[in-house]
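Structural features, examined
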Amino acid sequence: MTQIAMTVNGRAVSADVEPRTLLVQFLRENLLLTGTHVGCDTSQCGACVVHLDGAAVKSCTMLAVQADGHAVTTIEGIADGATLHPMQEAFREHHGLQCGFCTPGMIMTALDLVAHHGADLDEPTIRAHLDGNLCRCTGYHNIVKAVEAGAKSMGSALKHAAE
Ligand code: FES
Ligand code: FES
């Protein structure tokens, strides 16, 4: 067993884990943060995407020990109390989810997209950036609309904050 310590959704956590423990297992089984999902065993589906120090990573493809000393954010950490994050709100508003299994990963990838490309996104950019996230239900179209709208409202929230 190896001792690890990290910050998850702003909270300091530590645990003894086996070195082979995947980050997604650690999040789900040790911390009971079960929003992050496992949809494959070949690193393709993206249902497991979380942020490591602000960047999107597939947590099925990282060991928990590799996150030692880092900051992890999961889907459980992005709402502000009972107020949804603008990207969550946009997925609801634009019907960007059905079964909801891909949604945590989709939203965490979408936030990474906004961090890298800003709030004004066109459809090709969104589709290209989401190619690491598979969805069985929606046909992607409403996800693209949701991400575009979510990014815009994140942009105007930032503008308001700066005023
Ligand atoms: S579980 Fe499919 S990419 Fe991680
Ligand atoms: S909403 Fe079901 S997999 Fe995307």
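The present account deals with the structure reproduced in this document.

With respect to the overall build of the chain
- Broken down by element type, the chain carries 5 helices and 5 strands.
- For the chain, the succession of helices and strands along the chain, N to C, is β-β-α-β-β-β-α-α-α-α.
- Rg of the C-alpha trace for the chain: 16 Å, near the compact-globule value of 15 Å for 163 residues, within the 12% margin.
- Counting only C-alpha atoms, the chain reaches 45 × 40 × 25 Å along its principal axes.
- A separation of at least 24 residues holds for 58% of the contacts in the chain among residues at least 6 apart in sequence.
- If you sum the accessible surface of the chain, you get close to 8,500 Å²; carbon and sulfur atoms cover 52% of it.
- Computed over 10 positive and 17 negative side-chain charges, the separation of the two mean positions in the chain equals 6 Å.

Describing the side chain of H37
- Structurally, H37 can be placed in the loop between helix 1 (23-30) and strand 3 (49-52).
- A residue is classified by how much of its surface remains accessible, and H37, at 15% relative accessible area, is buried.
- At 3.3 Å, the side chain of H37 and the backbone oxygen of G35 are in polar contact.
- Discounting chain neighbours no more than four positions away, the residues touching H37 are V24, R28, A47, C48, G100, F101 and P104.

Thresholds applied
Residues numbered from 1 in each chain as written. Chains lettered and ligands numbered in written order. Predicted model: local features only at pLDDT ≥ 70, side-chain atom pairs only at ≥ 80, totals over all residues. Heavy atoms only, no water. Helix = DSSP H or I, 4+ residues; strand = E, 2+ residues; numbered from the N terminus. Rg over C-alpha atoms; globule rule 2.2 N^0.38 Å. Contact = heavy atoms within 4.5 Å. Areas by Shrake-Rupley, 256 points an atom, 1.4 Å probe, with all protein chains shown as cover. Lys, Arg positive; Asp, Glu negative; His and termini not counted. Charge placed at Lys NZ, Arg CZ, Asp CG, Glu CD. Buried < 20%, exposed > 50% of the residue type's maximum accessible area, 1.4 Å probe, protein only. Polar contact = N/O pair within 3.5 Å; in protein donor to acceptor, adjacent residues only side chain to side chain.

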